[in-house]
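Observations on chain architecture
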Amino acid sequence: MKTRFGRTAASITAATLLITVAANQPFADENAELTIEGQDIVTKVAAPEGHPLDEILSGWRFRSKETQALQMDDFDNPAFVAVDYGAELWETAEGSSEKSCASCHGDASESMKGLRAAMPKWHEGKGTLLTLEDHINWSREEHQGAEPWKWESPEMLAMTAFIGVQSRGMPVNVKVDGPAEEWFNKGKDLYYTRVGQLNMACANCHEDNWGNMIRADHLSQGQANGFPTYRLKWQGLGSLHRRFKGCMENIRAVAFKRGSDEFTALELYLAWRGTGLSVETPSVRQ
């Protein structure tokens, strides 16, 4: 059968790419506990009822000890350059209103606390599901009279990192009922749908083979609780949708656009899969 993603008759399966390693491979300390600035971060939690996994593990547990250490100290965490920039943007007046984010929301440590943990979520005014990036741009246009930021712009990444860190340590807890249920189901379908010339789904790596090696990478459960994240491979901060796009391109599929309904639905489902994990924004990954 041929799909719109150009699947070939001789498509390569996930099994041909995966190299299983022994459980005691000294790649990362999966039993390590994460504490940042004296705050305990939950990186392992029992899965809720109906979850496909028995236990939910943060991607931090699958990184090398050196990479893990970068996230354990805000001074060493390279993403905090962006967080500092986000703090500046929070106080900067923009648009026809000549107002800053702080003009309406005040101290972000209070007004933005918990927001990252609940995103994406349904927005009554827009009548749709909004990611944090969507919400920021809606506020810029609606309240500041300012131009929206591009998804992967330095400004958007800085602001999502700055807002995200206000929820650090709080448990991921997204709503998937009511008007969000349709989006949740769509995201779930996407997670299990094989696409691309390699004929793979998200689940093939992050549900069926987590803990194994793929090329030089230690496969995690693909949790989203640390985004935006600083990837050493990128040498910079990147959004979750950038990661989605990269994964699709790796399996030779036609990737959806950042901010598309498809990626937004997938983000909601992925957030639910990480229910109970602490928000780690901004995390450090390889």
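Let us look at the structure shown here. (Residues numbered from 1 in each chain as written. Predicted model: local features only at pLDDT ≥ 70, side-chain atom pairs only at ≥ 80, totals over all residues. Heavy atoms only, no water.)

**Looking at the overall build of the protein**
Helices and strands together make up the secondary structure of the protein, namely 11 helices and 12 strands. The buried share of the protein, taken over its 286 residues, is 51%. Sequence separation of at least 24 residues holds for 71% of the intrachain contacts in the protein that already meet a minimum separation of 6. Carbon and sulfur atoms form 50% of the exposed surface of the protein, whose accessible area is close to 13700 Å². (Helix = DSSP H or I, 4+ residues; strand = E, 2+ residues; numbered from the N terminus. Buried < 20%, exposed > 50% of the residue type's maximum accessible area, 1.4 Å probe, protein only. Contact = heavy atoms within 4.5 Å. Areas by Shrake-Rupley, 256 points an atom, 1.4 Å probe, with all protein chains shown as cover.)

**Considerations on the sheet that holds strand S10 (residues 229-231)**
Across the sheet, which stays open at both edges, the three strands sit in the order S11-S10-S12 with mixed pairing between neighbours. What marks the edges here is a single partner per strand, and that holds for strand S11 (236-238) and strand S12 (283-285). Taking the axes of each pair of neighbouring strands and ignoring which way they run, one obtains an average angle of 35° across the sheet. Sheet topology note: the S10/S12 ladder contains three bridges and is parallel. Each residue of the ladder has a partner; that of Arg231, found in S12, is Arg285. (Pairing = 2+ DSSP bridges. Axes fitted to C-alpha atoms, helices over the stretch in contact; angles between N-to-C directions.)

**Here we look at unusual backbone geometry**
Trans is the common state for peptide bonds, and a negative phi is the common state for residues other than glycine. Cis geometry is found at the peptide bond from Met119 to Pro120, where omega equals 0°. By the secondary structure assignment, Pro120 is in the loop between helix H5 (108-111) and strand S6 (121-123). A cis geometry characterises the amide bond from Thr281 onward to Pro282, with omega recorded as -5°. Positionally, Pro282 belongs in the loop between helix H11 (261-273) and S12. Phi is positive for Asn199, which is not a glycine, with a value near 55°. With respect to the element layout, Asn199 can be found in the loop between helix H8 (181-192) and helix H9 (202-206).

**Quick word on H8**
Here H8 is 12 residues long and its end C-alpha atoms lie 17 Å apart, about the 16 Å a rise of 1.5 Å per residue gives. By the burial criterion, the buried members of H8 are Trp183, Phe184, Gly187 and Tyr191. Considered in projection along H8, the buried side chains sweep an arc of 100° and stay on one side of the axis. With respect to the buried face of H8, the exposed residues turned more than 90 degrees away are Glu182 and Asp189. (Expected span 1.5 Å × (residues − 1). Arc of directions from axis to C-beta.)

**A word on the packing of helix H10 (residues 240-250) against H11**
At a closest axis distance of 11 Å, the pairing of H10 and H11 adopts a crossing angle of 105°. Here H11 runs roughly perpendicular to H10, going by the angle between their axes. Contacts from Leu240, His241, Phe244, Lys245 and Met248 in H10 reach Phe263, Thr264, Leu266, Glu267 and Leu270 in H11. (Parallel < 35°, antiparallel > 145°, perpendicular 65-115°, else oblique.)

**Side note on the side chain of Ser167**
Along the chain, the position of Ser167 falls in the loop between helix H7 (154-165) and H8. Residue Ser167 is classed as buried on the basis of its relative accessible area of 0%. The contact partners of Ser167, leaving out residues within four places of it in the chain, are Met112, Lys113, Gly114, Leu115, Arg116, Ala117 and Val279.

**Focus: the pattern of salt bridges**
If the charged atoms of two oppositely charged side chains come close together, the side chains can form a pair. Taken as a whole and judged by the stated rule, the model has nine salt bridges. In this structure, Lys245 engages Glu249 in a salt bridge whose closest nitrogen and oxygen atoms are separated by 2.5 Å. With Lys245 and Glu249 both in helix H10 and four residues apart, the pair spans about one turn of that helix. (Salt bridge = Lys/Arg side-chain N within 4 Å of Asp/Glu carboxyl O.)

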